Amino acid sequence: MRKPAPLPAGDRPTDYAVGDKVSHNKWGTGTVVSVKGTGDDTELQIAFPAPVGIKRLLAKFAPIEKV
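Keep in mind it's a predicted model, so treat the numbers as computed, not measured.

## As for the packing of aromatic side chains
Argument step 1. Under the counting rule described, the total for this entry stands at 1 aromatic pair.
Argument step 2. Note that lysine 55 overlies the ring of tryptophan 27, its terminal NZ or CZ placed 4.9 Å from the centroid.
Argument step 3. Across from the ring centre of tyrosine 16, 5.5 Å away, lies the NZ or CZ of lysine 66, which sits over that ring.

So this is what it looks like as structure tokens:
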């Protein structure tokens, strides 16, 4: 499985906080429940509505945007 290419630097926010709402094109709108790391190593845990549940995503690669 190929690793997705990182988003261009100007297209990815680097400041996520617990409670932020984000939108994912497949899973819908979710809420950030955990933020670990910084910069390109930022890992997010996002709670999406059932049946998706909680997903762990690297902010650098995740197809998400703040709403």
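Back to the write-up after that little detour.
## Comments concerning the side chain of histidine 24
Argument step 1. Among the structural elements, histidine 24 can be located in strand β1 (residues 21-24).
Argument step 2. Residue histidine 24 is classed as buried on the basis of its relative accessible area, which comes to 7%.
Argument step 3. Among the polar contacts made by the side chain of histidine 24, one reaches the side chain of asparagine 25 at a distance of 3.5 Å.
Argument step 4. Within the structure, the side chain of histidine 24 is placed 3.0 Å from the backbone nitrogen of lysine 26, a separation counted as a polar contact.
Argument step 5. The contact partners of histidine 24, leaving out residues within four places of it in the chain, are Phe48, Pro63 and Ile64.

Parameters and conventions
The numbers attached to residues start from 1 for each chain and follow its sequence in the written order. Per-residue local features are limited, in this predicted model, to residues with pLDDT of at least 70; the limit for side-chain atom pairs, both in listing and counting, is 80 or more; totals at the level of whole chains, interfaces and linings are taken over all residues. By convention in this description, side-chain values take in all heavy atoms of the structure and omit both hydrogens and water. Here a Phe, Tyr or Trp ring, Trp counted by its six-membered ring, pairs with any other such ring whose centre lies within 6.5 Å, and the pair is stacked when the planes are under 30 degrees apart, edge-to-face when over 60, and tilted otherwise. Note on criteria: charge over ring means Lys NZ or Arg CZ within 6 Å of the ring centre, with the direction from the centre no more than 35 degrees off the ring normal. Secondary structure elements are defined from DSSP: runs of H or I of at least 4 residues count as helices, runs of E of at least 2 residues count as strands, and each element is numbered from the N terminus. Throughout this description, buried means an accessible area under 20% of the type-specific maximum (1.4 Å probe, protein chains only), exposed means over 50%, and partly exposed covers the range between. Under the rule applied, a polar contact is a pair of N or O atoms within 3.5 Å (in protein, one hydrogen donor and one hydrogen acceptor; residues adjacent in sequence only if both atoms are side-chain atoms). What makes two residues a contact is simply this: any of their non-hydrogen atoms within 4.5 Å.

So far we have only geometry, and geometry alone does not tell us how the molecule works.
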